[in-house]
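# Reading the structure
Listed here are the chains, written in short residue letters.
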Amino acid sequence: MEHLRGTKARGVGRLEKYAKLIPPWIFHRNVQTLLDALTAAIAMIDAYALRFDFDIPPKMQHSMWIWLCVVTFLRPLSLRLTRSGYQSTWRFFNVGDGLRLALRSVPVTIFLLLMRWLVPGIPVVPYSVLIMEFIIFLGFASGLRVTRRLAHEAIYKAAPRPRALIVGNETTLATSVGYLRSWREAQVIGLVSEDNRLIGIHIAGLPVLGHPESLPSLLAAHQIEVVVLSGANLKCAAQVIRDATRFDLQVHILPSGSDLMQGNVRVSRTVSIDQLAQANSESVSEPHPEVVSCFNARTVLVTGAGGSIGSEIARQVADLNVDRLVVLDQDENSIFELMHQIQSREGREIVPVVGNIRDHETVYRTFDRYRPHVTLHAAAYKHVPVMEGNCCEAVLNNVSATRELADAAIEFECERLVMISTDKAVRPSSVMGATKRAAEMLIQQRADATTGSGCKTHFACVRFGNVLGSRGSVVPIFLRQIAAGGPVTITHEEMTRYFMTIPQAVQLVLQAATLASCGDVYMLDMGDPVRIIDFAKDIIRLAGLRPGKDIDIKVVGKRPGEKLHEQLWREDALVTATQFRNVFQVKAAPVLASFPKFLSELEQAARMRQSDTAIQQLLYRLPIDYSPEGAELAPMAIAN
């Protein structure tokens, strides 16, 4: 089957290649006019030939040439002067267009008959010749247009196209066939009708293969890939969807005009992440030369590689000239799926590692075996409300695991380690934000402790805002709520967030890895913060719906640990530009000497699974400005 599709695809590809060789002027209206004039001339000659049994008398030949010149001029002139005479597109010519062509040609024939009858002295022409000329012209002109349509359909058939069945009734099937034939997305194999009387007959050239009850056998027998429901009110719709789902097939509803006008269906469209990116965001294309140089012929370890950000990091790193890419995650399924996406990169050794970075032996065995030159640490627990009730896990995964990686990087002389952090680490009000800020300071403390000691490891942190499209972000949640008919839920009308796309975030990680950092924090210029309620309205509008009318917006109140506004850095932070456009550096402040002691107590309490309150109290003792009550601060603007 796949071989046949490939062969068909190559054949259609050749046809499309040849189609591009046809000059566009051939399809111009003036050329169509000339073709109709030539057709009228041929029709007149044929009419004379038929009238005189293909032996035209010499005295009639003179009149034939005169009348031929008349119809050659009048036929295309009549069509051009008639409203929409040459506005109809020949490649979509149908029965209705044929009837209109006939009606627009009749006046010329009537005019010629009247001239022959009323005007004395004109060249004699048999009345039957004028009538036959009309019939022959109509046949030839229609044939030209049908040929244009057939040629268009033959050349521009898409390949491979999914094989489709249309399910409907007598009213909707013909319309749906005509609609789908106008496009190239599907190859309609046959029809299925609710009316038993239609079984065995043809509608619009396609056979009615059976009743909806026989759909399972039809799907298997004809290797159907798509089922189209013709109309939104079919009685069999539920059964068709169930049968198609059993075969793991797509089901699409093609609404009728009455469905749309009566409001039985809504017109909507799929919203892409690119549409939601801010207007000033730049698309990520080719990697920066410094990034290419940094990763050239290196072994790269990516933790949390099964996540939305970690997997994108792995994909982009796999496209660089690395020698080996080690992808580590505790979720075996995510690693399996990622391997299928990136295993085709030639010349790259892709190594899957399933394990928990909280485990000392797993981390050290991985570093000892693969000796990574660059470590990109994306693994973390990030959902604020969930971590409020799982404080020990937040500490162990976000802090202890980061310490294990940092110590292993130092011991095995890893050249660079970049940890992914969050804007929620600035004056944190949540356990998640507090643990990420503690991890930032841990990275800084290890960088300070190894300065001047001959250590080859450069440490850096990358601080993200909300990443569009990542797991658990607002975008998938809003889209699911819109698909369910609403309401879209937000936590507070005044809540704002910074947003960035996954490719932008990964670009920042790779660029930060190239900088010779000593525990500094890097961030992308994400523009101004966006109100969540305005963001929700934009998504609803992009889906083709109206906020407050088609989809309601419901305010449900702040969740535990949430702030109304996030900051990118503290007010007293030293922020400077870097060699990369739109990437800023926040210079790390000195870490207090007591920090390692407090951090050790925090990790010990988390390993002993002490209460959430106890963990929060220990976090509060750390010099990270943790405020569980979440003091509100105005968002800061980017500045050099």
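Details of the structure are given in the entry above.
### Let's talk about the sheet that holds strand S1 (residues 163–168)
Taken together, 6 strands build an open sheet; the order of strands is S3-S4-S2-S1-S5-S6 and the sheet is mixed. Each edge of the open sheet carries a strand with a single partner, namely strand S3 (202–203) and strand S6 (250–254). In the sheet, S1 pairs with strand S5 (residues 226–230) via 4 bridges, with the strands oriented parallel. The residue of S5 that forms the bridge with leucine 165 is valine 227. Sitting on the sheet, helix H8 (residues 237–246) is in contact with S1, S5 and S6, with an inclination near 175° to S5.

### A word on the packing of helix H21 (residues 595–607) against helix H22 (residues 612–621)
Across the interface, H21 lies against H22 with an axial gap of 10 Å and an inter-helix angle of 170°. Taken together, the axes of H21 and H22 lie roughly antiparallel to each other. Contacts from Phe598, Glu601, Leu602, Ala605 and Ala606 in H21 reach Ile615, Leu618, Leu619 and Arg621 in H22. Among the residues forming the contact of H21 with H22, the class breakdown is 7 nonpolar, no polar and 2 charged.

### A closer look at the pattern of salt bridges
A full pass over the atoms with the stated rule returns 18 salt bridges. A salt bridge links arginine 358 to glutamate 393; its shortest N-O distance comes to 2.8 Å. On the criterion of sequence distance, the pair formed by arginine 358 in the loop between strand S9 (349–354) and helix H14 (360–370) and glutamate 393 in helix H16 (residues 391–411) is long-range, its members being 35 residues apart. Its relative accessible area of 21% is what places arginine 358 among the partly exposed residues. Arginine 463 is the partner of glutamate 440 in a salt bridge, and the nearest nitrogen-oxygen pair spans 2.7 Å. In this pair, glutamate 440 is assigned in helix H17 (residues 431–450) and arginine 463 in strand S12 (residues 458–464), connecting sequence segments 23 residues apart. Each member of the pair, glutamate 440 as well as arginine 463, is classed as buried.

### Quick word on the sheet that holds S9
Judged by pairing direction, the sheet is mixed, and its 9 strands sit side by side in the order S9-S8-S7-S10-S11-S12-S17-S21-S20 without closing on themselves. Two strands close off the open sheet at either side, each with one partner strand: S9 and strand S20 (575–577). Along the sheet, successive strands turn relative to each other by an average axial angle of 25°, direction set aside. Pairing of S20 with strand S21 (residues 583–586) involves 3 bridges; the strand directions are antiparallel. Bridging from a neighbouring strand, alanine 577 pairs with phenylalanine 584 of S21. Its contacts with the sheet place helix H12 (residues 308–318) against strand S7 (299–303), strand S8 (324–329), strand S10 (374–377), strand S11 (416–422) and S12, and it is angled at close to 170° to S8. Contacts between helix H19 (residues 502–514) and the sheet are confined to S10, S11, S12, strand S17 (518–524) and S21, with S12 contributing the most and set at about 160° to the helix.

### Here's the deal with the pairing of S5
The element S5 is largely enclosed, with a buried count of 5 among its 5 residues. Here 5 bridges tie S5 to S6, and the two strands are oriented parallel to one another. Of the residues in S6, the one forming a bridge with valine 228 is histidine 252.

### Section: the nonpolar core
Counting residues in each nonpolar core, the largest one holds 43 residues, and the members touching the most others are Phe295, Val300, Ile313, Val317, Leu325, Leu376 and Phe464. Broken down by element, this core gets its largest block of residues, 8 residues, from H19. When residues no more than four places from it in sequence are discounted, the contact partners of leucine 376 are Phe295, Val300, Leu301, Val302, Thr303, Ile313, Val317, Val418, Val509, Leu510 and Ala513. Membership of the second largest hydrophobic core comes to 30 residues, among which are Val351, Val363, Ala406 and Val521.

### As for the packing of helix H3 (residues 58–81) against helix H4 (residues 95–118)
Two elements in contact, H3 and H4, have axes separated by 10 Å at closest approach and are oriented at 140°. On the basis of the axis angle, H3 is oblique to H4. The crossing of H3 and H4 is right-handed. Counting all contacts with H3, which are made through Trp67, Val70, Val71, Leu74, Arg75, Ser78 and Leu79, the residues of H4 involved are Leu101, Arg104, Ser105, Val108, Thr109, Phe111 and Leu112.

### Examining the packing of aromatic side chains
One pass over the structure, following the stated rule, counts 3 aromatic pairs. With 6.3 Å between their ring centres and 20° between their planes, tyrosine 48 and phenylalanine 52 make a pair best called stacked. Using a relative accessible area of 0% as the deciding quantity, one classes tyrosine 48 as buried. Here the aromatic cluster, defined as three or more aromatic residues joined through ring pairs, consists of Tyr364, Phe367 and Phe412. We note arginine 116 situated over the ring of tyrosine 127; from NZ or CZ to the ring centre the distance is 4.9 Å.

About the criteria used
Per chain, the residues get numbers from 1 upward, laid out in the order the sequence is written. Local features in a predicted model are, by the rule used here, given only for residues with pLDDT of at least 70; side-chain atom pairs are given and counted only at 80 or more, and totals for whole chains, interfaces and linings are based on all residues. By convention in this description, side-chain values take in all heavy atoms of the structure and omit both hydrogens and water. By this definition, two strands are paired if DSSP reports at least two bridges between them. Secondary structure follows DSSP: runs of H or I at least 4 residues long count as helices, runs of E at least 2 residues long count as strands, and numbering of each begins at the N terminus. Between two residues, a contact is recorded if the distance between any of their heavy atoms is within 4.5 Å. Every angle, taken between N-to-C directions, lies between 0 and 180 degrees, and every axis is a line fitted to C-alpha atoms, over only the stretch in contact when it is a helix. Here the word oblique covers every angle except those under 35 degrees (roughly parallel), over 145 (roughly antiparallel) and from 65 to 115 (roughly perpendicular). Gly is placed with the polar residues, together with every amino acid not listed as nonpolar (Ala, Val, Leu, Ile, Met, Phe, Trp, Tyr, Cys and Pro) or charged (Asp, Glu, Lys and Arg). Throughout this description, the term salt bridge denotes a Lys or Arg side-chain nitrogen within 4 Å of a carboxyl oxygen of Asp or Glu. Only protein chains enter the accessibility calculation, which uses a 1.4 Å probe. A residue is then buried if its area is under 20% of the maximum for its type, exposed if over 50%, and partly exposed in between. To define a nonpolar core, start from buried Ala, Val, Leu, Ile, Met, Phe, Trp, Tyr and Cys residues and group those joined through side-chain atoms within 4.5 Å. Left-handed is the label given to a crossing in which the near helix is rotated counterclockwise from the far helix by less than a right angle, and right-handed is the label when the rotation is clockwise. Note on aromatic pairs: the rings of Phe, Tyr and Trp (six-membered ring only in Trp) are paired at centre separations within 6.5 Å, and the planes decide the class, stacked below 30 degrees, edge-to-face beyond 60, tilted for the rest. By definition, being over a ring means that NZ of Lys or CZ of Arg is both within 6 Å of the ring centre and within 35 degrees of the ring normal.

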